Amino acid sequence: MDAFLLQILNGLDKGSAYALIALGLTLIFGTLGVVNFAHGALFMIGAFCAVTLQRLLTLSYETVDPERTDFLGNPMTVETPYVEAWFGPATGGALVDWAVPLAIVLAIPVMMLVGFVMERGLIQHFYKRPHADQILVTFGLAIVLQEIVKAVYGANPIPTPAPSALRGSMDVGALVGMEAYAVVYPIWRLVYFVFAALVIGGVFAFLRFTTFGMVVRAGMADRETVGLLGIDIDKRFTLMFGLAAAVAGLAGVMYTPILSPNYHMGMDFLVLSFVVVVVGGMGSLPGAVLAGFLLGILQSFASMNEVKSLIPGIDQIIIYLVAIVILLTRPRGLMGRRGVMEE
Amino acid sequence: MSILEVRDISKRFGGLQALSDVNISVAENTVHAIIGPNGAGKSTLLNCFVGKLIPDTGSVSFDGQSVLGRKPHQINQMGISRVFQTPEIFADLTVIENMMVPCFAHRDGPFRLHAFESVPKERHITEMAEAMLDDVSMLEKRDLHAGSLSRGDKRRLEMAMCLVQEPRLLLLDEPTAGMARADTNNTIQLLKDIRRTRNLTMVIIEHDMHVVFSLADRITVLAQGTPLVEDVPENIKGHPKVREAYLGEAQV
Amino acid sequence: MTDATQTAFPAQTPRAEAARDAQGRRDRMLLLIVALLALAAPILLNPFPTASALAQFNAGYPDLMQRFAIYGILAIGFNILFGLTGYLSFGHAAFLGVGSYSAVWMFKLLSMNVIPAILLATVIGGLFALVIGFVSLRRSGIYFSILTLAFAQMCYNLAYSVLTPISNGETGLQLSLSDPRVLDGPSSGSLPVTSLFGAEMREAATITLGGWSWTFSVGYYVCAALLLLAFWLSIRIFRSPFGLMLRAVKSNQNRMAYTGLSARPYTLAAFVISGMYAGLAGGLLASMDPLAGADRMQWTASGEVVLMTILGGAGTLLGPVLGAGVIKYFENIFSKINDAILHQWVAVLPDGLEDAVVAVIHPFVGKGWHLTLGLIFMAVVIFLPGGLVEGARRAGAVVRRRDRNAPSVESDAAARRAAAE
């Protein structure tokens, strides 16, 4: 039982990331009909928003501290972040410590902007072109984006720690009445899961309870009819692209303490997220979320030693295997709508 | 002797009974028209003949053999060709290449790995294709891209592609839909010529009564998935049931 | 065919006859030009004297020329699938990888002769394609792309993990002195090298003439010969009834079915043929340098083939080879340009300006060559969907408007593509 719970928990953080990226991919595909291979790059840019904020907050000036000496006996230079000088060491220190969650505030406008620019500048010219062309141009864009990040931030992963209060692990087992230390789980991963659940809930609530969301959902179901009603669906779809970019970006921001950001993390996640979208059913939002968590948890179960000794290598291929089986037996995916991308 | 025998076929889509107990018998070398108001099930019926849909009950047999459960390409190889409402051609290929594809299909069957022959050296195929193009007066357009043709020419090309396979049954789904009067008359003339020169049975679905009455030998009137009457054109014209079906539609 | 049937139809129009001959002539001409270029590549690709500052742009060294030829073969094969049928595979690296593994195993077990290695690599590539294609081709469009991607990633992950006894995991499969090599007998001293009936792949003759130096290696000419064979085969396939059917699949599968043709065997055959091309390319890579690693199967490697084909011009004969050449040239030459070299070039400018110019160019060269590649690729997809070949055709058309020349070699294919857009 405890092993079971642990595997589910282990699957949740990856599953959350898959679900968030797949949700954005599906939003873009469902509204604009575009297959966006640059979506992983948006996730990566989000992660680098956290890196940027961390760097901004730790911008420092140097002072010479006469009371301390380095190992040669010279007075030591001490770096003090400007924020500590401005707000005092306590507030300033806390700001630096909470850089990752604070980056959410930075990421939302940045990602929306990136999304708008992408859609207006590039994607809109590809609505009428074949899916293969959309894949190719966004694939090219993904290469360009990740190379730019590489040129600015270098090729090595950049550690971005979680706030110190949220580091370390937590005895989850004890919370649900199991014996102490049976299921110990890193706190930040729980935070990530809760965060992902909130974002997903937020997106669904937005689509369900606002007029804007209703129009978008109607547009996803039947674009032409909504267009005939005199509603400017294109403008709303552009906004949805920004929203999808923001969701991917937020997923990236909060993922940085789990995986130190590097320039190719987007591509790594993209491939799996596409598999997730296809398994969930192209164009189905609940399908994307469900499949994201499902595959994350499946993957974590497949990595159990008991399973691996039974079927060697299963942990490496489980996701792809599931995708192949689903695509062949249920071409529309778990929850796909009829007629979406069927030839 | 009937070449297409449709017995008691029914088809349901969810809550909609698209076809119920349809019986049609098409005699060889005749033109049989199926008419009816919108939503009468004409296209559904046609799709059951060619393997795109499988009826829930009943049987469809062509020349004594059942077509049910066969794939569209297998049914075509039995000798049934189909002309679509909007011409389905190979828009990226040239006119002559469009013609050669059915020629090869007719000679080589559903698949052959002829990767080392050369298309230009297939003289017999080229001649067949060109002769057919000549028959529909499109030979001078042989090297144009099919996608750039006018709608009327696309229709002619599609018809030629079907005919070059020497089918025994040609199915036409609203061949004059969306055409100008002149084009419609040309198409009627083309179909009449085909009828005169080839041993061929035609089943035609049509909205335009002018077309139907200038071509058909027998007419089946379909309404709400069931055949109302089947008779020769003269008797259909003033038939009260037919009038009711069409006027009923007009009133709605 | 009897005389009776001949007379039953009107004779071919003279114009058709002429067009047919012209096409045949153009194809032979194209093959001849490619053959001459391949033959003279060691000279043509070394246009700059060894001592000159521009010598770093010389691409005429065996290792790089072999890559041109090998990736050319890979892209030609990919183009038979994507260019003709429109099925976009994101899993071709898998076939390249298994080709390499099979070739290295041949070197370990049988003989250092490249012939059995290349043959096995081609066959294994084809077998893998048969299995993967049989499953993946049940779907089309983006689903097909994802399925091929999934299969390739599975191969990659397995090669890294449980299949280590076959693939030697992260280290990669290498030769060792203890390998049996049944035909060659045990080796002693140093590791044996790959050869073609005794002629070693790395054997090369260097000719120095004036300031120039040209290297002619056995390995390159083996690759070039196979490239020509691959190119010739692709011309045959493009002009065959089979090729026509593949283009029909791309154009309209619905009409295809109602014309009595079954699309799946055609696409499967194209997939297997292109898998065999990829297997051959993998086998050749191992023949030039007998080691095989799993990273050759990663999906980024599949993406690279896609880039090559699109960049050069999908659906054209010459495009894929051209695209492969451009990308490999970038990868090997452009990536070597560092700041010191940049400073040399713009040394004539005043100091401040010089630094500024170098700073602007810097991100696009050296380690940043991927950025340039990505930008070029995007530009091609956006503005020139026919690729470089289409670009050459348009440029040619501009020139021709001035001095009405004969039509260019590739114009028909490119025009067809342009019309399809």
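Residues numbered from 1 in each chain as written. Chains lettered and ligands numbered in written order. Predicted model: local features only at pLDDT ≥ 70, side-chain atom pairs only at ≥ 80, totals over all residues.

A.B. asks: When you look at the overall build of chain A in this model, what are you seeing that I'm missing?
C.D. replies: Within chain A, the secondary structure is distributed over 14 helices and four strands. Since a compact globule built from 343 residues should have a radius of gyration of about 20 Å, the 22 Å found for chain A is in line with a globular shape. In terms of overall dimensions, chain A has C-alpha extents of about 75 × 50 × 35 Å along its principal axes. Classification of the 343 residues of chain A by burial places 48% in the buried group. Pairs at least 24 residues apart make up 74% of the contacts formed inside chain A by residues separated by at least 6 positions. (Helix = DSSP H or I, 4+ residues; strand = E, 2+ residues; numbered from the N terminus. Rg over C-alpha atoms; globule rule 2.2 N^0.38 Å. Buried ≥ 20, exposed ≤ 12 C-beta atoms within 10 Å, placed from the backbone. Contact = placed C-beta atoms within 7 Å.)

A.B. asks: Help me understand the interface of chain A and chain C, please; the structure alone is not making it clear to me.
C.D. replies: A common measure of how large an interface is: the accessible area buried when the components associate. Listed by partner, the interface residues are 31 residues for chain A and 34 residues for chain C. Among the secondary structure elements, those contributing two or more residues to the side of chain A that touches chain C are helix 5 (131-153), helix 11 (265-280) and helix 14 (314-329) of chain A. Along the lines of polarity and charge, the residues of the side of chain A that touches chain C split into 24 nonpolar, four polar and three charged. (Nonpolar A, V, L, I, M, F, W, Y, C, P; charged D, E, K, R; others polar.)

A.B. asks: Just to check I follow, could you spell out the interface of chain B and chain C for this structure?
C.D. replies: Counting from both sides, the interface comprises 42 residues of chain B and, opposite them, 36 residues of chain C. Where the side of chain B that touches chain C is concerned, the elements lending two or more residues are helix 2 (72-78), helix 3 (95-108) and helix 4 (123-135) of chain B. Of the residues forming the side of chain B that touches chain C, the biggest block, seven residues, is contributed by helix 4 of chain B. Here the side of chain B that touches chain C is built from residues that sort into 21 nonpolar, 11 polar and 10 charged.

A.B. asks: In this structure, what is going on with the packing of helix 4 (residues 92-109) of chain C against helix 11 (residues 263-288) of chain C? I would like to understand it.
C.D. replies: When two helices pack together, their arrangement is given by the angle between their axes and by how far apart the axes lie. All names here are of chain C. It is the contact of helix 4 with helix 11, at a shortest axis distance of 7 Å, that shows an interaxial angle of 45°. Between helix 4 and helix 11, the angle falls in the class oblique. Where helix 4 crosses over helix 11, the handedness of that crossing is right-handed. Contact residues: helix 4 offers His92, Phe95, Leu96, Gly97, Val98, Gly99, Ser100, Ser102, Ala103 and Val104, while helix 11 offers Gly275, Ala278, Gly279, Leu280, Ala281, Gly282, Gly283, Leu285, Ala286 and Ser287. Looking at the contact of helix 4 with helix 11 residue by residue, the classes come out as 10 nonpolar, 10 polar and no charged. (Axes fitted to C-alpha atoms, helices over the stretch in contact; angles between N-to-C directions. Parallel < 35°, antiparallel > 145°, perpendicular 65-115°, else oblique. Left-handed = near helix turned anticlockwise from the far one by under 90°.)

A.B. asks: Just checking my understanding: could you explain the pairing of strand 4 (residues 204-209) of chain C for this structure?
C.D. replies: Looking along a regular strand, one sees the side chains alternate between the two faces of the sheet. Residues and elements named next belong to chain C. Of all the six residues making up strand 4, zero are buried; the element is thus mostly uncovered. Here six bridges tie strand 4 to strand 5 (residues 212-217), and the two strands are oriented antiparallel to one another. What sits directly across from Ala204, in strand 5, is Ser217. Taken together, strand 4 and the strand that follows it, strand 5, pair antiparallel across an intervening segment of two residues, in which Gly210 is found at a positive phi of about 60°. (Pairing = 2+ DSSP bridges.)

A.B. asks: Sorry, what's going on with the sheet that holds strand 4 (residues 57-62) of chain B here?
C.D. replies: Hydrogen bonds between backbone atoms are what pair the strands of a sheet, whose relative direction is either parallel or antiparallel. Residue and element names in this part refer to chain B. Strand order in the open sheet formed by four strands is 2-1-4-5, and the pairing between neighbours is antiparallel. The sheet is open, and its two edges are formed by strand 2 (16-27) and strand 5 (65-66), each paired on a single side. Of the pairings in the sheet, the one linking strand 1 (residues 2-13) to strand 2 comprises eight bridges and is antiparallel in character. Looking at the pairing, Ser2 lines up with Ala27 of strand 2. Packed onto the sheet, helix 1 (residues 42-50) meets strand 1, strand 2 and strand 4 and runs at close to 60° relative to strand 2.

A.B. asks: Explain unusual backbone geometry to me, please; I cannot follow it from the model alone.
C.D. replies: Only a minority of non-glycine residues have a phi that is not negative, and only a minority of peptide bonds are not trans. Positive phi outside glycine occurs at Gln224(B), with the angle close to 50°. With respect to the secondary-structure elements, Gln224(B) resides in the loop between strand 9 (218-223) and strand 10 (226-231). What makes Gln224(B) partly exposed here is the crowd of 16 C-beta atoms within 10 Å. We note that Phe197(C) has phi near 45°; this positive angle belongs to a residue other than glycine. In this fold, Phe197(C) is placed in the loop between strand 2 (195-196) and strand 3 (199-200).

A.B. asks: What should I look at first to understand the pairing of strand 10 of chain B in this one?
C.D. replies: Sheet topology note: the strand 9 of chain B/strand 10 of chain B ladder contains five bridges and is antiparallel. Paired with Thr220(B) across the bridge in strand 10 of chain B is Glu230(B).

A.B. asks: Help me understand the arrangement of the chains, please; the structure alone is not making it clear to me.
C.D. replies: Once contacts are tallied for each of the two pairs of chains in contact, the highest total is for chains B and C. A gap remains between chain A and chain B, which never touch, and the nearest two C-alpha atoms on either side lie 13 Å apart.

A.B. asks: So what exactly am I meant to see when it comes to the sheet that holds strand 9 of chain B here?
C.D. replies: Residues and elements named next belong to chain B. If you walk across this open sheet you meet the six strands as 6-7-8-3-9-10, and the pairing is mixed. Edge positions in the sheet fall to strand 6 (80-83) and strand 10, since each of these pairs with one other strand and no more. Within the sheet, the average angular offset between the axes of one strand and its neighbour, ignoring direction, is 15°. Across four bridges, strand 3 (residues 31-35) lies against strand 9 in parallel orientation. The residue of strand 9 that forms the bridge with Ile34 is Thr220. Contacts from helix 1 reach strand 3, strand 6, strand 7 (169-173), strand 8 (201-205) and strand 9 within the one sheet, and its direction differs from that of strand 7 by about 150°.

A.B. asks: What's the story with the UniProt feature "transmembrane region" (unreviewed entry) in chain A in this structure? I'm lost.
C.D. replies: All names here are of chain A. According to UniProt, the positions carrying the feature "transmembrane region" (unreviewed entry) are residues 15-35, 42-61, 98-123, 190-216, 237-258, 270-298 and 310-329. From the first C-alpha to the last, residues 42-61 spans 32 Å; its make-up is 80% helix and 10% strand. Helix makes up 86% of residues 237-258 and strand 0%, with an end-to-end C-alpha separation of 32 Å. (UniProt positions renumbered as here; feature names shortened; annotations may be inferred.)

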